[in-house]
Amino acid sequence: MFEALSSSLQKALSKLRSKGKLTEEDVALAMREVRLALLAADVNVKVIKQFVDRVRERAVGVDVQNSLTPGQQVVKIVYEELTELMGGEQAKIKMAAKPPTVIMLVGLQGAGKTTTIAKLALSFKQHEHRPLLIAADVYRPAAIQQLEVLGTQIDVPVFQLGQSQLPKEIVRQGLRAAQAQGADIVLVDTAGRLHIDEDLMKELEDIQSLAEPDEVLLVVDAMTGQDAVHVAETFHQRLSLTGVILTKLDGDARGGAALTIRSATGCPIKYVGLGEKIEPLQPFHPDRMASRILG
Ligand code: GDP
């Protein structure tokens, strides 16, 4: 994951690690290389500038009395700032005080929304929850069927009314079915379009106001880099997202989306998708991701 970013950051910092004393020039040179590494990873330019400025500011004041060498301290600062950039603490799902917890999933077609819903349902099931999936994507012909197949595979019920009902009506009846069946988590699959358009947003807002979800999670494809950030910004403006799920981190995504989304939108990344197979979804840990990047 993020191999190029990882190796160029490690290279930039390796020269500092061993130094007993750091000159301003050493730090400046390393920061220049860090900046280039982040640029090559498709991190937003503004975000890079703030990041490098913060690291430089803190690096200037490193304490020589500390048990770490000044170089090691700068590496630690980079680790801490990378963690912070990705949200600091792990952001967990907010559960409803009174079940069912309703989670609405939104995203563009192909981002991995359907796959992700199945993975999320499986995670909840493994934690002794009783999820129900609501199939409210009535536009993509195979969407409902795909969800049903996945539901059968993971043994989780799917509520659907075919393609002829309005999504809002499907959700209304689906929520009723959840109460009747004693489901404690409802995952609502919504329509994804190829592009963001007004009709899509309006429909999602309608579903949101009807279902009053505890979570509105955007599924975005990490491979699309800054496009993913733009998609997140646009959805967030309309739907006040509570989190992002970044998919396809197992592919050759460069890291730009993972490192930019939080600071650009204020929305935490809650989970990551790491493959096509239906396995429990992985929670996102900013600190673990930062240490993985820094090796
Ligand atoms: P949707 O249109 O957003 O519902 O997307 P789908 O769930 O149908 O996924 C689109 C494609 O992306 C499928 O081929 C999935 O197998 C694949 N996919 C989804 N999540 C991941 C992931 O985390 N990693 C990889 N490599 N592929 C994924």
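As the structure is a prediction and not an experimental result, all values here were calculated from the model.

A word on helix α10 (residues 256-265). Of all 10 residues making up α10, 7 are buried, and the element is well covered by its neighbours. For α10, every residue scored as buried is listed here: G256, A257, A258, L259, T260, I261 and T265. In the segment just after α10, G266 is the residue with positive phi, at about 80°.

This part is about the sheet that holds strand β7 (residues 269-272). Here 8 strands make up an open sheet; going across it, the order is β3-β2-β4-β1-β5-β6-β7-β8 and the pairing mixed. Both edges of this open sheet fall to β3 (158-159) and β8 (282-283), since each of them pairs with a single strand only. Looking at chain direction, strand β5 (residues 215-221) and strand β6 (residues 243-247) are connected through 5 bridges and run parallel. Looking across to β6, one finds that D221 is bridged to T247. Sitting on the sheet, helix α9 (residues 226-239) touches β1 (101-107) and β5, and the angle it makes with β5 is about 160°.

Right, let's talk about the UniProt feature "domain: SRP54-type proteins GTP-binding" (unreviewed entry) in the protein chain for a bit. Per the UniProt record, "domain: SRP54-type proteins GTP-binding" (unreviewed entry) is annotated on residues 268-281. Secondary structure content for residues 268-281 is 0% helix and 29% strand, and the end C-alpha separation is 16 Å.

Taken together, 17 residues sit near the ligand, with G110, K113, T114, T115 and D250 positioned nearest. At a separation of 2.5 Å, an oxygen atom of the ligand approaches a polar side-chain atom of T115. Between K248 and the ligand, the recorded distance is 3.0 Å, taken from a backbone N or O atom to an oxygen atom. Considered on its own, the ligand offers 580 Å² of accessible surface; in the complex 81% of this is hidden by protein.

What follows covers the packing of helix α1 (residues 3-17) against helix α4 (residues 70-85). Working note: a packed helix pair is described by the angle between its axes plus the distance between those axes. It is the contact of α1 with α4, at a shortest axis distance of 7 Å, that shows an interaxial angle of 145°. Listed contacts from α4 to L9, L13, L16 and R17 of α1 are G71, Q72, V74, V75, V78 and L82. Of the residues contributing to the contact of α1 with α4, the split by class is 7 nonpolar, 2 polar and 1 charged.

Definitions and limits used
- Residues numbered from 1 in each chain as written.
- Predicted model: local features only at pLDDT ≥ 70, side-chain atom pairs only at ≥ 80, totals over all residues.
- Heavy atoms only, no water.
- Buried < 20%, exposed > 50% of the residue type's maximum accessible area, 1.4 Å probe, protein only.
- Helix = DSSP H or I, 4+ residues; strand = E, 2+ residues; numbered from the N terminus.
- Pairing = 2+ DSSP bridges.
- Contact = heavy atoms within 4.5 Å.
- Axes fitted to C-alpha atoms, helices over the stretch in contact; angles between N-to-C directions.
- UniProt positions renumbered as here; feature names shortened; annotations may be inferred.
- Near = heavy atom within 4 Å.
- Polar contact = N/O pair within 3.5 Å; in protein donor to acceptor, adjacent residues only side chain to side chain.
- Areas by Shrake-Rupley, 256 points an atom, 1.4 Å probe, with all protein chains shown as cover.
- Nonpolar A, V, L, I, M, F, W, Y, C, P; charged D, E, K, R; others polar.

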